[in-house]
Amino acid sequence: MEQGQKIRGADAVIKVLAAHGVTTVFGYPGGAIMPIYDALYGAPVEHLLSRHEQGAAFAAVGYARASGKTGVCFATSGPGATNLVTSLADALLDSVPLVAITGQVSTAVIGTDAFQEIDVLGMSLSCTKHSFMVTDVNELIPTLYRAFEIAASGRPGPVLVDIPKDIQIALLDYKTPLLAISPEPQASEQQIEAAKVLLSEAKKPMLYVGGGVGMAGAVDQLRGFIDVTGVPSVATLKGLGSIPHDDAGYLGMLGMHGGKAANIAVQECDLLIVVGARFDDRVTGRLATFAEHAKVLHLDIDVAELGKLRRPDVAIAGDLRQILPAIAQSLEIAPWQAEVASLKANHQWNYERPGELIFAPKMLNRLANKLPEDSVIACDVGQHQMWVAQHMWFRRPEDHLSSAGLGTMGFGLPAAIGAKVARPDACVVAVSGDGSFMMNVQELTTIKRRQIPLKILLIDNQKLGMVKQWQQLFFEERFSETDLSGNPDFVTMASAFDIPGRTITQGDEVEQALDEMLNATGPFLLHVRIDDAHNVWPLVPPGACNRDMMDEMEKQT
Amino acid sequence: MIYNLALTLVQQPEVLERVLRVTRHRGFKITELGMQLDANGDTKLDMVVESERALEQLSHQLNKLIDVTECKVVSTKQLTQTANA
């Protein structure tokens, strides 16, 4: 970096991004961030223009989750910043490293209700890991470096930096700051010993694997641990892809829409090994009865998760890449492995359905088997999301992007855009539902503008399906506002964005249509009409024990 | 339970808001609060909070805040009567 030459704050922002290896930012310009967009003009950092700040931030989330790098998004003050809130909250609940940079009105008019002024720092407190407002240009560069460090360290998360316009145009000397790195928790020898004792005493140990494994870059260490110990396993929504789907002891997803074998095995186990997971209510069902006879060994980078919902017998805060190999040992658990194998064999998915219509779980299973090795699925939220989790399989956690903690409809399309930017050689498919798709449908313009060759699999039951399912089961079939039959003609709509597509309605069209979508050289929308009678099974009713799963009860109409 | 906490904070205009927000959201009621800025750039915050929840539900979350440098438990005592009785 050249020393002694004054540059604008806005130019410094772009230089800090380049220094952090950021090649693409996602955003939307506006008045209070114009100097930064001016600095971006002709700079080596590429900018992907979204059509709504929520879409920009979700693209940054998709970029981060598919690549493991920190995502960056830009928005202007006021409405630009408020539009980021949902995506920041999503990144907070799913621990995604994100740096959001917002323009702010000039410091002289902050607090005067100026045009497009809102207290962004105040707004950010509940939806970010940390946030800054820069009020001194000399603090700008150190603050941005801190933001990147905080976003990616420990348990990752979103960091917002609010930069008033006068700071963006003020001049400064560019100096690379010296940063103190936050210390990470370290496992002690006593903890490792205690964990090994728990493991060796267990007759029925079970791994409960969450998103923390992928975030920690500990997938290989986890697989090594399974190889050494032979411990059977289940995964959370974010943990999918961490364990090879064909591993003998792997039972898939647990929880509200988990597989029967997975939930039963967890209820039966005598030691639950929790790795980068946090006892979310969608996982545990009624907490008091979750794995109630099991001791708990909890491993996580975030001390605050240890004992938050379930008191562990041994807890270790630290880097999973170090802890997992340190506690791995061979175990004498053959009878339990046999019990798990029999549970697995007795609870296979059944894809046979009478009739000519399309059965979405079967279609998604076919899609998983057809995908090339380098693939990313970004899904939205609702029934299709659970079908993706149940019936598709993933090679790595970064191949499956799903809004898990916040459950944000509208996540899939922009996240897929970000993933395709991060991994241009990957086959990226956005799997969406007719409800979710319309929540960030403006991002079709982003695809058109850049001719981003991602595929959209739109599963359409003309319903807000998951809410409809609950109305059917728990609200006496009073279908309040869940009929979406006023949907647009999706293929016609896609064609307005130069995205070719087709609609299928019959089971015998699926095979050829999936091939057509995957083989298309550019973007493609496959619109799949399904029977609205299909629901997501099994299901643990709210407040019930995970053992009490409801089975398929299709609506007879 | 009643918990008496002594926090050391980095002096930032919004640091008090951060602490108050986390305390409220995690289910603790503040019954006493005292704050002063000290000469070496720290903010000292003493607060008494009440909750049925275990202290770690709050202290761990406060410790996660970037601008909280220390969260000390000065004393803990049983609530004499149950709230919301």
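Source: prediction; values computed, not measured.

### Let's talk about the overall build of chain B
- Summing up its helical and strand segments, chain B has two helices and four strands in all.
- Each helix and strand of chain B, ordered N terminal to C terminal, gives the series β-α-β-β-α-β.
- In terms of C-alpha radius of gyration, chain B reaches 13 Å, essentially the compact-globule figure of 12 Å for 85 residues.
- Within chain B, buried positions represent 38% of all 85 residues.
- Taking contacts inside chain B between residues at least 6 apart in sequence as the whole, the part at least 24 apart equals 71%.
- For chain B, the computed accessible surface area is about 5000 Å², with 47% contributed by carbon and sulfur atoms.
- In chain B, 10 side chains carry a positive charge and 11 a negative one; their mean positions are 7 Å apart.

### So, the domain arrangement of chain A
Residue and element names in this part refer to chain A.
- Under the domain assignment used here, chain A contains domain 1 (6–173), domain 2 (189–346) and domain 3 (360–529).
- Here the C-alpha centre of domain 3 lies 30 Å away from the C-alpha centre of domain 2.
- Contacts between the two partners involve 15 residues from domain 2 and, on the opposite side, 16 residues from domain 3.
- Between domain 2 and domain 3 the total buried area reaches about 1300 Å² when both faces are included, carbon and sulfur atoms providing 65% of it.
- Its largest share of buried area at the contact with domain 3, domain 2 owes to Leu 237, Leu 240 and His 257, together 44% of the area lost on that side.
- Counting across the interface, domain 2 meets domain 3 through one salt bridge.
- When the shortest N-O distance is used, the salt bridge between Arg 396 and Asp 220 registers 3.2 Å.

### Notes on the sheet that holds strand β7 (residues 158–164) of chain A
Residue and element names in this part refer to chain A.
- Read across the sheet, six strands follow the order β3-β2-β4-β5-β7-β6 without closing on themselves; strand pairing throughout is parallel. Looking at strand neighbours, the two that pair on one side only are β3 (46–49) and β6 (130–133), the edges of this open sheet. For this sheet, the mean inter-axis angle between neighbouring strands, taken without regard to orientation, is 20°.
- Contacting β5 (98–104) and β7, helix α5 (residues 85–93) crosses the sheet at an angle of about 145° to β7.

### Concerning the environment of Thr 31 of chain B
Residue and element names in this part refer to chain B.
- Secondary-structure assignment places Thr 31 in strand β2 (residues 29–37).
- On the basis of relative accessible area, Thr 31 is assigned to the partly exposed category, the value being 38%.
- For the pair formed by Thr 31 and Arg 18, sequence separation is 13 residues and the distance between their alpha carbons is 17 Å.
- Dropping the residues within four chain positions of it, Thr 31 is found in contact with Val 48, Val 49 and Glu 50.

### Section: the environment of Pro 397 of chain A
Residues and elements named next belong to chain A.
- Tracing the chain through its elements places Pro 397 in the loop between α17 (383–391) and β16 (400–401).
- Separated by 17 residues in sequence, Pro 397 and Pro 414 place their C-alpha atoms 18 Å apart.
- Those residues in contact with Pro 397, other than ones at most four positions away along the chain, are Gly 214, Val 219, Lys 238, Leu 240, Gly 241 and Ser 242.

### Quick notes on the packing of helix α16 (residues 360–370) of chain A against α17 of chain A
All names here are of chain A.
- The contact between α16 and α17 brings their axes to 9 Å, and the two run at 50°. Relative to α17, the element α16 lies oblique. Here α16 and α17 pass one another in a crossing that is right-handed. On the side of α16, the interface is formed by Ala 360, Pro 361, Leu 364 and Asn 365, while α17 contributes His 384, Trp 387, Val 388 and His 391.

### What about the pattern of salt bridges?
- Taken as a whole, this structure holds 30 salt bridges over all chains when the rule is applied.
- With a shortest N-O distance of 3.5 Å, Asp 280 of chain A and Arg 278 of chain A are connected by a salt bridge.
- One salt bridge in this structure joins Asp 515 of chain A and Lys 370 of chain A, with 2.8 Å as the shortest N-O distance. Of this pair, Asp 515 of chain A sits in helix α23 (residues 510–519) while Lys 370 of chain A sits in helix α16, and the two are 145 residues apart along the sequence.
- Judged by its relative accessible area of 21%, Lys 370 of chain A is partly exposed.
- Residues joined by salt bridges that share partners form a network here, namely Arg 155, Asp 302, Glu 305 and Lys 308 of chain A together with Lys 64 of chain B.

### Section: the pairing of strand β1 (residues 2–10) of chain B
All names here are of chain B.
- With seven of its nine residues buried, β1 lies for the most part within the structure.
- Note: β1 against strand β4 (residues 68–77), eight bridges, orientation antiparallel. Bridge assignment links Leu 5 to a residue of β4, and that residue is Val 73.

### Re helix α14 (residues 320–327) of chain A
All names here are of chain A.
- Those residues of α14 not exposed but buried are Leu 320, Ile 323, Leu 324 and Ile 327. In an axial view of α14, the angular spread of the buried residues amounts to 95°, which keeps them on one side of the axis.
- For α14, the secondary structure elements touched by its buried residues are α9 (189–201), α10 (212–215), α11 (219–229), β12 (271–275), β13 (295–300) and β14 (314–317).

### Overview of the sheet that holds strand β18 (residues 455–460) of chain A
Residues and elements named next belong to chain A.
- The strand order β16-β15-β17-β18-β20-β19 describes an open sheet built from six strands, whose pairing is parallel. Of all strands in the sheet, those with a lone pairing partner are β16 and β19 (501–504), marking the two edges.
- With six bridges connecting them, β18 and strand β20 (residues 524–529) associate as parallel partners. Among the inter-strand pairings, Ile 456 is bridged to a residue of β20, identified as Leu 525.
- Contacting β15 (375–379), β17 (427–433), β18 and β20, α16 runs over the sheet at an angle of about 165° to β18.

### Considering the packing of aromatic side chains
Residues and elements named next belong to chain A.
- Throughout the structure, instances matching the rule amount to nine aromatic pairs over all chains.
- A centroid spacing of 5.7 Å and a plane angle of 65° characterise the contact between Phe 26 and Tyr 63, whose relative ring orientation is edge-to-face. One end of the pair, Phe 26, is in strand β2 (residues 24–27); the other, Tyr 63, is in helix α3 (residues 53–67), and 37 residues separate them in sequence. In terms of burial, Phe 26 and Tyr 63 fall into one category: buried.
- Ring geometry for Phe 437 and Phe 490: centres 5.9 Å apart, planes at 70°, overall edge-to-face. Of this pair, Phe 437 sits in helix α19 (residues 434–437) while Phe 490 sits in helix α22 (residues 490–496), and the two are 53 residues apart along the sequence. Across the pair, Phe 490 and Phe 437 agree in class, each one buried.
- Each member of the aromatic cluster is reached from another via a ring pair, and the members are Tyr 208, Phe 279 and Phe 290.
- Here the guanidinium or amino end of Lys 15 rests over the ring plane of Tyr 174, the centre of that ring lying 5.1 Å away.

### A short note on the nonpolar core
All names here are of chain A.
- Residues Tyr 208, Leu 272, Leu 367, Val 429 and Leu 457 are the most contacted members of the largest nonpolar core, which totals 96 residues.
- Counting only domains with at least three residues in this core, you end up with domain 2 (189–346) and domain 3 (360–529).
- Excluding residues within four positions of it along the chain, Leu 457 makes contact with Met 363, Leu 364, Leu 367, Val 429, Ala 430, Val 431, Ser 432, Leu 514, Met 517, Leu 526 and Val 528.
- One finds Ala 56, Ala 57, Met 123 and Leu 401 within the second-largest nonpolar core, a separate group that totals 52 residues.

About the cut-offs
Residues numbered from 1 in each chain as written. Chains lettered and ligands numbered in written order. Predicted model: local features only at pLDDT ≥ 70, side-chain atom pairs only at ≥ 80, totals over all residues. Heavy atoms only, no water. Helix = DSSP H or I, 4+ residues; strand = E, 2+ residues; numbered from the N terminus. Rg over C-alpha atoms; globule rule 2.2 N^0.38 Å. Buried < 20%, exposed > 50% of the residue type's maximum accessible area, 1.4 Å probe, protein only. Contact = heavy atoms within 4.5 Å. Areas by Shrake-Rupley, 256 points an atom, 1.4 Å probe, with all protein chains shown as cover. Lys, Arg positive; Asp, Glu negative; His and termini not counted. Charge placed at Lys NZ, Arg CZ, Asp CG, Glu CD. Domains from an automatic or database assignment. Buried area = accessible area lost by both parts, 1.4 Å probe. Salt bridge = Lys/Arg side-chain N within 4 Å of Asp/Glu carboxyl O. Pairing = 2+ DSSP bridges. Axes fitted to C-alpha atoms, helices over the stretch in contact; angles between N-to-C directions. Parallel < 35°, antiparallel > 145°, perpendicular 65-115°, else oblique. Left-handed = near helix turned anticlockwise from the far one by under 90°. Arc of directions from axis to C-beta. Phe/Tyr/Trp six-rings, centres within 6.5 Å; stacked < 30°, edge-to-face > 60°. Lys NZ or Arg CZ within 6 Å of the ring centre and 35° of its normal. Core = buried A, V, L, I, M, F, W, Y, C linked by side-chain atoms within 4.5 Å.

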